[in-house]
Amino acid sequence: MSDDVMHAIEALREKGLRVTEQRKAILEALACTDSPRSAEETFSALPADTCDLVTAYRCLEQFEKAGVVERGVRENGTKVYCLKDEHGHHHHLTCRKCGCTEKIDLCMGDELEEAAVGFGYTELSHVMEVFGLCPSCG
Ligand SMILES: [Zn+2]
Ligand SMILES: [Zn+2]
């Protein structure tokens, strides 16, 4: 089991969520790739008979609420998820042709969230993804 999965499991326990075999399998499916995955892609990476797609969706939403995974979005609007790593919050660069991704450990979110606080908003989150053509496709 990878360190990222171990950390995620600890975090789930701290939030009072039960760590079932299903949840563990979903975390491992996310941990074995650097690219964010949609719920369907996560589901198809699970060992056969782990759970149904609806359960996979629900688990990913619970993980997001618990702060264990980060949610992103593709250009077509599909929600994607990735495990938080030791650097915590990050963003992705995605090639719109081949779908390869790079991780960007840079975030301008603080300024955005400060602006949101100025509007009186609380419990802020943000999603920011960058799309383009990678060097092999461009
Ligand atoms: Zn590409
Ligand atoms: Zn950010």
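Structure report, in brief.

Here is what the cut-offs are and how they apply
- Residues numbered from 1 in each chain as written.
- Chains lettered and ligands numbered in written order.
- Predicted model: local features only at pLDDT ≥ 70, side-chain atom pairs only at ≥ 80, totals over all residues.
- Heavy atoms only, no water.
- 1 Å grid on protein atoms, 1.4 Å probe; cavity = no way out; pocket = protein on both sides within 12 Å on 5 of 7 lines; lining within 4 Å.
- Points joined across faces, edges and corners; volume = space filled by probe spheres on them.
- Helix = DSSP H or I, 4+ residues; strand = E, 2+ residues; numbered from the N terminus.
- Nonpolar A, V, L, I, M, F, W, Y, C, P; charged D, E, K, R; others polar.
- Polar contact = N/O pair within 3.5 Å; in protein donor to acceptor, adjacent residues only side chain to side chain.
- Contact = heavy atoms within 4.5 Å.
- Core = buried A, V, L, I, M, F, W, Y, C linked by side-chain atoms within 4.5 Å.
- Buried < 20%, exposed > 50% of the residue type's maximum accessible area, 1.4 Å probe, protein only.
- Expected span 1.5 Å × (residues − 1).
- Arc of directions from axis to C-beta.

Some details on the layout of surface pockets
For the largest pocket, the calculated volume is near 260 Å³. In terms of lining, the largest pocket is formed by 13 residues, of which the most central are E64, E70, K84, S125 and H126. For the lining of the largest pocket, the secondary-structure elements that each account for two or more residues are α4 (53–65) and β2 (69–73). For the lining of the largest pocket, the element with the most residues is β2, which contributes 3 residues. Class assignment of the residues belonging to the lining of the largest pocket gives a composition of 3 nonpolar, 4 polar and 6 charged.

Some words on the side chain of H91
Residue placement: H91 occurs in strand β4 (residues 91–95). For H91, the side chain forms a polar contact with the side chain of H126, separated by 3.3 Å. With residues up to four places along the chain from it excluded, the contact list for H91 reads E102, K103, I104, L106, C107, H126 and M128.

A few points about the nonpolar core
The biggest cluster of nonpolar side chains holds 22 residues, and the ones touching the most others in it are I26, L27, F63, V68 and L83. Those residues in contact with L83, other than ones at most four positions away along the chain, are D4, V5, A8, L27, L30, A31, V68, V69 and H90.

Describing helix α1 (residues 3–14)
Over its 12 residues, α1 extends 17 Å from the first C-alpha to the last, a length consistent with the 16 Å expected when each residue adds 1.5 Å. Residues of α1 that are buried: V5, A8, I9 and L12. Buried residues along α1 cover an arc of 100° about the axis, so they all sit on one side. Relative to its buried face, α1 has exposed residues pointing more than 90 degrees away, namely D3 and E14.

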